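Here is how the chains run, residue by residue.
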Amino acid sequence: MRDASRAVRRAGKRLGFVPTMGALHEGHLSLVRAACAASDVVAASIFVNPTQFGVNEDLAKYPRSFKSDCEMLEREGVALLFAPAVDEMYPGGAATWVTVEGLSSKLDGRSRPGHFRGVTTVVAKLFHIVEPDAAFFGQKDAAQVAIIRRMVRDLNLAVKIVVCPIVREADGLAMSSRNAYLDSEHRKRALVLHRALIGVQGLAEAGERDTSKLLAAGREAVAKENAVRLDYLEIVNPDTLDPVEHVSGSVLVAVAAYVGGTRLIDNILLDIAPPATTLPAK
Ligand code: AMP
């Protein structure tokens, strides 16, 4: 992989990179298309990274569709695919971690201890192997975006991070490889995540600025749906992931919930104009 990517860069070409865990859908392909539009050559990776799964999580049953993934990537114009084995990425005795402290224990990091340490470690390793000019991530994983941006800044990595919007099904459900776990009943119930976010957005745009009221409305919407258990619904600063009390400027409304046994996440970015200030009289 490194030889191939260095050859690209030696030829003076810009290399774009899309890291994934496979089981590809239109969300992933939107990143690939953005990468193709902004780069001369695009590399993708498929690696179901064991270190970002907790002991009781779905590593063993995570959907895998390597052959059709390869076909999709090829069709989209991806020139290089890096799909390492687990022991290539983590040779016996691997003991080095990359951790973004603080941020990694917020939102998903609170309910999935160690998850973001696994993500930042594998992304740092992938960046070192692929050495891309730019890497493309989805807004779907909003906390991951904040953490990777911070890692890149803190470690002076020479990679431009490009974030692409969430791709949804026609009915609003955010695309996710884990949607494959949902039967038709749970698939319908899962729509409550997006519905709750849209509800919060509507209230905020109608003038409600008090986060506790917005959250109460969103949480109530989720509580009404059978077989859905809320993990978190929060309104936070998109860079620090710290809760905000009043909605003003750019805020992230993020939700995670168990739909049956499947944990899903979704979010929406709001940009609410700060209160008008009175201009001094002339
Ligand atoms: P994953 O394979 O789940 O690790 O995701 C790989 C990349 O695809 C991550 O940057 C995700 O944020 C992004 N991604 C996953 N689902 C979507 C989606 N529905 N819309 C946009 N990007 C997505």
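Throughout what follows, the structure given in this document is the object of discussion. All figures in this text were calculated on a predicted structure; none of them were measured in a lab. (Residues numbered from 1 in each chain as written. Predicted model: local features only at pLDDT ≥ 70, side-chain atom pairs only at ≥ 80, totals over all residues. Heavy atoms only, no water.)

1. Points about the nonpolar core
Core analysis: the largest hydrophobic core is formed by 42 residues, its most contacted members being Met89, Leu107, Val123, Phe127, Phe137, Ile161 and Leu241. Only strand 1 (15–20), strand 2 (41–46), strand 3 (80–82), helix 6 (115–130), strand 4 (134–138), helix 7 (142–154), strand 6 (228–236) and strand 7 (249–259) provide two or more residues apiece to this core. With nine residues, helix 6 is the largest single contributor of residues to this core. Formed by 26 residues, the second largest nonpolar core is a distinct cluster that contains Val228, Leu233, Val247 and Val259. (Core = buried A, V, L, I, M, F, W, Y, C linked by side-chain atoms within 4.5 Å. Buried < 20%, exposed > 50% of the residue type's maximum accessible area, 1.4 Å probe, protein only. Helix = DSSP H or I, 4+ residues; strand = E, 2+ residues; numbered from the N terminus.)

2. A closer look at the side chain of arginine 178
Structurally, arginine 178 is set in the loop between strand 5 (160–164) and helix 8 (184–189). There is a polar contact of 2.8 Å between the side chain of arginine 178 and the side chain of aspartate 58. The residues touching arginine 178, leaving out its near neighbours within four places in the chain, are Phe53, Asp58, Tyr62, Arg112, Thr262, Arg263 and Leu264. (Polar contact = N/O pair within 3.5 Å; in protein donor to acceptor, adjacent residues only side chain to side chain. Contact = heavy atoms within 4.5 Å.)

3. Let's talk about the side chain of threonine 51
Relative to the assigned elements, threonine 51 resides in the loop between strand 2 and helix 3 (66–76). At a separation of 3.1 Å, a polar atom in the side chain of threonine 51 contacts the side chain of asparagine 49. Among the polar contacts listed, one links the side chain of threonine 51 to the side chain of tyrosine 90, at a separation of 2.9 Å. Not counting residues up to four positions away in its chain, the partners in contact with threonine 51 are Tyr90, Trp97, Gly114 and Gly118.

4. Quick notes on the pattern of salt bridges
Applying the stated criterion to the full structure yields 17 salt bridges. Residues glutamate 131 and arginine 6 are paired through a salt bridge, measuring 2.8 Å at the closest nitrogen-oxygen approach. Linking glutamate 131 in the loop between helix 6 and strand 4 with arginine 6 in helix 1 (residues 2–10), this pair joins segments that are 125 residues apart in sequence. A salt bridge links aspartate 266 to arginine 168; the nearest nitrogen and oxygen atoms lie 2.9 Å apart. Remark: arginine 168 occurs in the loop between strand 5 and helix 8 and aspartate 266 occurs in strand 8 (residues 262–272); sequence separation between them is 98 residues. Here aspartate 266 falls in the buried class, since its relative accessible area comes to 4%. Assessed through its relative accessible area of 25%, arginine 168 is described here as partly exposed. In the salt-bridge network here, residues are joined through shared partners; they are Glu185, Arg189, Arg195 and Glu225. (Salt bridge = Lys/Arg side-chain N within 4 Å of Asp/Glu carboxyl O.)

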